[in-house]
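Chains, contacts and geometry: an overview
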Amino acid sequence: MRSLRMFGMKPLPGVRLTLITSASDTPYSGMLPGHIAGFYSHDECHIDLRSLAQFAQAQLYIDSVINLDSNNKKVLCANRPPVAFDLLSIDIGSTPATNRVPGAVEYAIPAKPVSQLLAQWNQIVDSVTATPDKPICLGIVGGGAGGVELALSIQSHLHQILKAAQQPLNNLELHLFHSDNQLMPHYNSWVRRRLEEILTQRGVNLHLGETVCAVQPHKVSCKSGLKVEFDHLFWVTQASAPAWIKASGLATDKQGFIQVNDSLQSSHPDIFAAGDIATMVNYPRPKAGVFAVRQGRPLFENLRRSLLGKHSKLYQPQKQYLSLIGTGDGKAIATRGSFGFGSSHLLWRWKDWIDRKFMERFNNLPEMSRGAGEQGSRGQGDKGSGIIQNLTMRCAGCGSKVGSTVLERVLHRIKQEQPSCSDNDIVIGLDAPDDAAVVQVPAGQLIVHTIDYFRALINDPFIFGQISANHCLSDIFAMGAVPQSALAIATIPYALEPKVEETLYQLLSGAVKVLNQAKSPLVGGHTTEGAELSFGLSCNGLVHPDKLLTKGGMQPGQVLILTKALGTGTLFAADMLRQAKGRWIDNAVASMLLSNQAAATCLLQHKATACTDVTGFGLLGHLIEMVQASHVAVELKLEAIALLAGASETVQKGNC
């Protein structure tokens, strides 16, 4: 994240950045125990990646990486087409090794991914808050720094709940299992002893030298024969890497982590790695957050140098580092090398100041002048023999069309994703392209025409293609019609030919995904190159005359039905100004990816007499049109109108 912020501060003209992440925010590990202890809110300890990506002018793809084709330089994701790259930086952290113990995957809560951990933790907090008189037993497997801090933070938070409810603290039973005879093997002996004392004093049941060998529903078994029953079990053991890393062909260590040289470069010259997922061959270090943070600047510098064709800089990590370990009660322990001190409130205040200062860099990103941070590929790069190349002047002839060879390659890929058109209504389509598509209107039916065209509201062409297609088809559904065919019109940002091809393919692939679901084939279209990404569809639909829905069919005594919550307009207006939380935009995107087809079918089945698609003019704008066309009055109950999360807040800030 630090490298991405630096690219935002020092953009390289001609470089297109893409961030692939499984969530729109990411936790800062230094504050996570404090969040579990109840000291920090979710927003205080999470970096909003939508805001950061927007600042860095980066594309943001929210998806899970499942493989890497290093030979063809493509990242394979779970829910989207492969993503091509020139340079790749991998910083995906690590996960606890749950697959080595039978039952751990099924019955334990892994510490990572953090979003899942926090979802489970929030449920536990809600349960204890609702029924504080009910005893609860929690287990933690792993006695490293993560497991110890988690144990202390969990106990502190739940004890506060029990105290507030005037319930005995022994309603909480907490067990910590560790295979070694001492906790925290990477720390000095004083720290290990001190934290063991604190855990014991606070009533945590320590099971040192106990190797967990099996997990069953609500029961953990150790090799010694020890068995302990639990309500919930957290898994915070030795870090592991996903299997696809090794399968990609990159050189890895025995644990499966990517081996990198002193430039943070892997065995593939165009793939870099940093953080927990990487192991420096010449300077192996523990998997600790401090090393990941310190690698941010050298990673940025070497990525930049590689792009410019310059020699990389060598990086040597420090051997010793200051560690401030929270004890969950507003105190902390300090340690560096053989030194240790605490616990004390003063050390916690110091740690809190350091952590908040770090987060401040991402929460209050500087305002960049318009154009200063543009990452579009139209600019001229610094001279060098790297990936950046000077671009010649763009030709605006032939309507500034995307090149024929690019279009041919993209359409060849798109045809493979679109079912062969067996519908007799399509006379000429993509299967046999001509100057225009030809469709036939069946006897006794009407044809409904509509067109929509939008500037990109989200920096992910695949998702934008889906949103646009849903939006365009909604007009067809609102008229009571069934989609028949669609023509696409796309403006692709200026870039080198491979980047134009990649963007166009991602865009059309997203649109075709939605069109396939609606059984409405893409039969043609038009493409141009321009300053920014824009996309739209001209859609046709068929409807029997007696099933046609219009705005003018409202009748006295009827009720208005909204099929979706409102608020996308104000949320994306705020997002443009980096004033919307990432999770608000997540919810808005999820709503916009939901087709209105099922809702329209339901309305027709229940004899609806009028319908409209609430879009650019908002609820009131479209409702006025229906009122005027139907010659009726309407009464609205504002409290009954569903709003998307965050919409009220953004409207109050003037984002309308």
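Residues numbered from 1 in each chain as written. Predicted model: local features only at pLDDT ≥ 70, side-chain atom pairs only at ≥ 80, totals over all residues. Heavy atoms only, no water.

Some details on the sheet that holds strand S28 (residues 482-493)
The mixed open sheet is built from four strands, whose spatial order is S27-S30-S28-S29. Edge positions in the sheet fall to strand S27 (446-455) and strand S29 (522-530), since each has one partner strand and no second. Direction aside, neighbouring strands of the sheet carry axes that sit 15 degrees apart on average. Where S28 and strand S30 (residues 534-543) come together, nine bridges link them in antiparallel fashion. Bridge pairing links Leu487 to Ser538 in S30. (Pairing = 2+ DSSP bridges. Helix = DSSP H or I, 4+ residues; strand = E, 2+ residues; numbered from the N terminus. Axes fitted to C-alpha atoms, helices over the stretch in contact; angles between N-to-C directions.)

Observations concerning the packing of aromatic side chains
Following the criterion strictly, the structure yields five aromatic pairs and no others. When the ring of Phe39 is compared with that of Trp348, the centres are 5.3 Å apart and the planes differ by 55 degrees; the resulting orientation is tilted. Linking Phe39 in the loop between helix H2 (32-37) and strand S3 (46-48) with Trp348 in helix H11 (residues 345-363), this pair joins segments that are 309 residues apart in sequence. Residue classification places Phe39 among the partly exposed residues on the basis of a relative accessible area of 33%. Owing to a relative accessible area of 12%, Trp348 belongs among the buried residues under this scheme. (Phe/Tyr/Trp six-rings, centres within 6.5 Å; stacked < 30°, edge-to-face > 60°. Buried < 20%, exposed > 50% of the residue type's maximum accessible area, 1.4 Å probe, protein only.)

Things to note about the pattern of salt bridges
Enumeration according to the criterion identifies 17 salt bridges in this entry. Between Arg50 and Asp586 there is a salt bridge, and its shortest N-O distance comes to 2.9 Å. Of this pair, Arg50 sits in helix H3 (residues 49-55) while Asp586 is found in helix H17 (residues 582-592), placing the two residues 536 residues apart along the sequence. A relative accessible area of 25% means that Asp586 is categorised as partly exposed. Glu532 serves as the salt-bridge partner of Arg455, at 2.9 Å between the closest nitrogen and oxygen. Of this pair, Arg455 sits in strand S27 while Glu532 sits in the loop between S29 and S30, and the two are 77 residues apart along the sequence. (Salt bridge = Lys/Arg side-chain N within 4 Å of Asp/Glu carboxyl O.)

What about the state of the cysteines?
In total, this model carries zero disulfides according to the counting rule given. No disulfide involves Cys222; its sulfur sits 6.6 Å from the nearest other cysteine sulfur, which is in Cys213. For the unlinked cysteine Cys472, the closest cysteine sulfur is that of Cys539, found at 5.1 Å. The buried category is assigned to Cys472, whose relative accessible area is 1%. (Disulfide = S-S within 2.5 Å.)

Let's talk about the confidence of the model for the protein chain
For the protein chain, per-residue confidence averages 90 on the pLDDT scale, and residues scoring 70 or more make up 94% of the total. Mean pLDDT in the protein chain bottoms out at helix H12 (residues 397-400), which sits at 54, and peaks at strand S12 (residues 172-178), which reaches 97. Taken together, the stretch residues 369-385 has pLDDT below 50 and engages in 36 contacts with residues farther than four places along the chain or on a different chain. (pLDDT = per-residue confidence, 0-100. Contact = heavy atoms within 4.5 Å.)

Some remarks on the side chain of Lys351
Its location among the elements puts Lys351 in helix H11. Once residues within four sequence positions are removed from consideration, Lys351 is found in contact with Gly30, Leu324 and Gly326.

Observations concerning the pairing of S28
Taking burial as the measure, the twelve residues of S28 include nine buried ones, the bulk of the element. Where S28 and S29 come together, eight bridges link them in parallel fashion. Across the sheet, Thr491 pairs through a bridge with Thr528, a residue of S29. In this region the chain leaves S28, passes through helix H15 (residues 497-517) and returns to the parallel neighbour S29; the handedness of that crossover is right-handed. (Right-handed = clockwise from strand over helix to strand, strands pointing away.)

Points about the nonpolar core
Note that soluble globular proteins tend to have their nonpolar side chains buried in a common cluster. Judged by nonpolar contacts, the single largest core of 59 residues is most densely connected at Leu68, Ile90, Ile258 and Ile277. The contact partners of Ile277, leaving out residues within four places of it in the chain, are Ile90, Asp91, Ile92, Gly93, Ala241, Pro242, Ile245, Phe257 and Ile258. Counting 50 residues, the second-largest nonpolar core is a separate cluster that includes Phe464, Ile476, Leu507 and Val512. (Core = buried A, V, L, I, M, F, W, Y, C linked by side-chain atoms within 4.5 Å.)

Some words on empty space enclosed by the protein
Overall, the coordinates contain three cavities of 30 Å³ or more when judged by the stated rule. For the largest cavity, the calculated volume is near 140 Å³. For the lining of the largest cavity, the secondary structure elements donating two or more residues are strand S21 (278-280) and helix H9 (289-294). When the residues that make up the lining of the largest cavity are grouped by side-chain class, the tally is nine nonpolar, three polar and three charged. As for the second largest cavity, its lining consists of 13 residues, of which Pro33, Gly34, Ser153, Gly326 and Trp348 are closest to the centre. Per-element accounting of the lining of the second largest cavity gives the leading share, three residues, to H2. Across the lining of the second largest cavity, the residue classes break down as four nonpolar, six polar and three charged. (1 Å grid on protein atoms, 1.4 Å probe; cavity = no way out; pocket = protein on both sides within 12 Å on 5 of 7 lines; lining within 4 Å. Points joined across faces, edges and corners; volume = space filled by probe spheres on them. Nonpolar A, V, L, I, M, F, W, Y, C, P; charged D, E, K, R; others polar.)

So, a nonpolar patch on the surface
A contiguous nonpolar surface patch, about 450 Å² in accessible area, is contributed by Leu560, Leu620, Val634, Leu636 and Leu638. Within the element layout of this structure, Leu560 appears in the loop between S30 and helix H16 (568-576). (Patch = residues over 30% accessible without salt bridge, like charges linked within 9 Å, V, L, I, M, F, W, Y side chains within 5 Å. Areas by Shrake-Rupley, 256 points an atom, 1.4 Å probe, with all protein chains shown as cover.)

As for the pairing of strand S6 (residues 74-77)
The alternating pattern of S6 places Val75 and Cys77 on a buried face, while none of Lys74 and Leu76, on the opposite face, is buried. In this structure, S6 lies alongside strand S7 (residues 83-84), joined through two bridges in antiparallel fashion. From the neighbouring strand, Val75 faces S7, where its bridge partner is Val83. Counting the residues between successive antiparallel strands, the hairpin from S6 to S7 contains five residues.

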